[in-house]
Amino acid sequence: MVARVVIAAPGSGSGKTTVATGLMAALRGRGHVVAPFKVGPDYIDPGYHTLAAGRAGRNLDPVLVGTHRVGPLFRHGAAGADIAVVEGVMGLFDGRVGQHVEEGGLGSTAHVAGLLRAPVLLVVDARGQSTSLAALLHGFRSFRPGVRIAGVVLNQVGSDRHEQVLREACGEVGLPVIGSVRRAAEVDVPSRHLGLVPAAEHGSHATRAVAAMSALIESSVDLDAVVRLARSAEPLDGPLWSAHDEVTPVSGRPVVAVAGGPAFTFGYAEHTELLKAAGAEVVVVDPLRDERLPAGTTALVLPGGFPEAHAEALSGNELLRHEVAAFAQSGRPVHAECGGLLYLAKQLDGHAMCGVLDADATMTPRLLLGYRDAVATAPSVLHPEGARVTGHEFHRTRLTPAHTDRPAWTWRDHAGVAHGEGFSTGALHASYLHTHPAGNPDAIARFVQAGAC
């Protein structure tokens, strides 16, 4: 079984992405075939992981796909690799609020580490700490004894003396220091309202940032110790996830156009794999540059991304906007999530969009974030009426109105208040809710079947 290590931290902002991405690139530079993973629903970090490892970054999210699928999806994504690096989410034990498992929060880094039977390398932001680090490490190590914290990477170390004191603190609790990373601004990557700017948007700057992370980790972390640690992972047997086992292919090879390019970067690798396994020919269309849908398109997927950052350019591509509108109005299947939803609106922050939905989108200061246990209110090209799906909402925009009289989804918040959201009319399904196709393979098969008719 592939060697594997989980990169975790006491909390967000500790440097997990720098260390994990730098490790992926540095290990690849040493000749390893690295399989990159990210815990949780995040779309942005896997883009940098893909650059670093040279193969698709994938997500492991028990909340979205089910606990039973995490191992098979990991084995699928790690096939052909000799080492896997798994970047965690938030703090080590932070998972879905109010739901817990033996290792900690449901869907937490600790939960996934337990499912993978993998050792944890804890990245600690050492600014403002010295001996107190020992208390922090003792607490994390003893909180859930079944989670194997096997080493520490000290991050944001200020000086040789600072490093010496920190190493002594780690020694007090018996945790080896695998690396000591000094403060380095050259690895900074620009961010915006939802986190880092996606690698696909940041272009050559992202490539340079990944190279800087690699160089920093190469010089600061004992890579041989990381490999030994990864090889100490317990055996993890079981089947590989296969898209072909999840869906039955239709005949005729319907052409499914999937929006891509800098404005639509939010997608899971398993989505394309399932579309193809269901019999589709998948063709990417870039709404920033392409003026026509691919020839023979019978179904259209508009994933999430940052159309709000490209609203003027998207609006300027009138030919494609009009063609998308005509395509949707013709009754062909359209599946839009979050950013794709905005693209279908009449306008986005005053810029004309496709006008498929009788709604306007605007940026707001409020972040809507969290998992949603949603119920489909009507049959659609994705789900039968009453289907229950767990998805993830993550945006700062607002659509007015938020839905029709019969929304695509309903769900209840933590206070039990019911909410409706999204549009599901005819062959169109458009919503803010991000879903993971591996957790809902029947929806992909249903969509491709609709495109084949």
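Above: the structure in question.
Undergrad: How do you make sense of the sheet that holds strand E9 (residues 177–182) when you look at a structure like this?
TA: Adjacent strands of a sheet form backbone hydrogen bonds with each other and so pair up, either parallel or antiparallel. One open sheet accounts for 7 strands, arranged E3-E2-E4-E1-E7-E8-E9; its pairing is parallel. The sheet is open, and its two borders are formed by strand E3 (58–60) and E9, each paired with just one other strand. Direction aside, the axes of adjacent strands within the sheet are offset by 25° on average. Note: strand E8 (residues 149–157) against E9, 4 bridges, orientation parallel. Along E9, the bridge assignment pairs Val157 with Arg182. Taken strand by strand, helix H1 (residues 16–29) contacts strand E1 (3–8), strand E2 (34–39), strand E4 (83–87), strand E7 (120–125) and E8, and its axis lies near 165° from that of E4.

Undergrad: In this structure, what is going on with the sheet that holds strand E15 (residues 334–337)? I would like to understand it.
TA: Across the sheet, 6 strands lie side by side as E13-E12-E14-E15-E23-E22; this open sheet has mixed pairing. Both edges of this open sheet fall to strand E13 (281–285) and strand E22 (423–425), since each of them pairs with a single strand only. Across the sheet, the mean angle separating the axes of adjacent strands is 15° when strand polarity is ignored. Across 3 bridges, the pairing between E22 and strand E23 (residues 428–431) is antiparallel.

Undergrad: Hey, could you run me through the environment of Ala209 in this one?
TA: Among the structural elements, Ala209 can be located in helix H8 (residues 199–220). For Ala209, a relative accessible area of 4% puts it in the buried group. Through-space distance from the C-alpha of Ala209 to that of Thr21 is 9.9 Å; in sequence the pair is 188 residues apart.

Undergrad: How should I be thinking about the pairing of strand E20 (residues 409–412) in this particular structure?
TA: A regular strand carries its side chains on alternate faces of the sheet. Taking every second residue as pointing to the same face, the buried face of E20 carries Trp409 and Trp411, while none of Thr410 and Arg412 on the other face is buried. Bridge count between strand E18 (residues 360–376) and E20: 2 bridges; the pairing is antiparallel. The residue of E20 that forms the bridge with Ala376 is Trp409. Two elements, E20 and strand E21 (residues 418–421), share 4 bridges in a ladder whose sense is antiparallel. Residue pairing in the sheet places Thr410 in a bridge with Gly420 of E21. Hairpin connection from E20 to E21: 5 residues lie between these consecutive antiparallel strands, with Gly416 at a positive phi of about 85°.

What counts, and at which threshold
- Residues numbered from 1 in each chain as written.
- Predicted model: local features only at pLDDT ≥ 70, side-chain atom pairs only at ≥ 80, totals over all residues.
- Heavy atoms only, no water.
- Pairing = 2+ DSSP bridges.
- Helix = DSSP H or I, 4+ residues; strand = E, 2+ residues; numbered from the N terminus.
- Axes fitted to C-alpha atoms, helices over the stretch in contact; angles between N-to-C directions.
- Contact = heavy atoms within 4.5 Å.
- Buried < 20%, exposed > 50% of the residue type's maximum accessible area, 1.4 Å probe, protein only.

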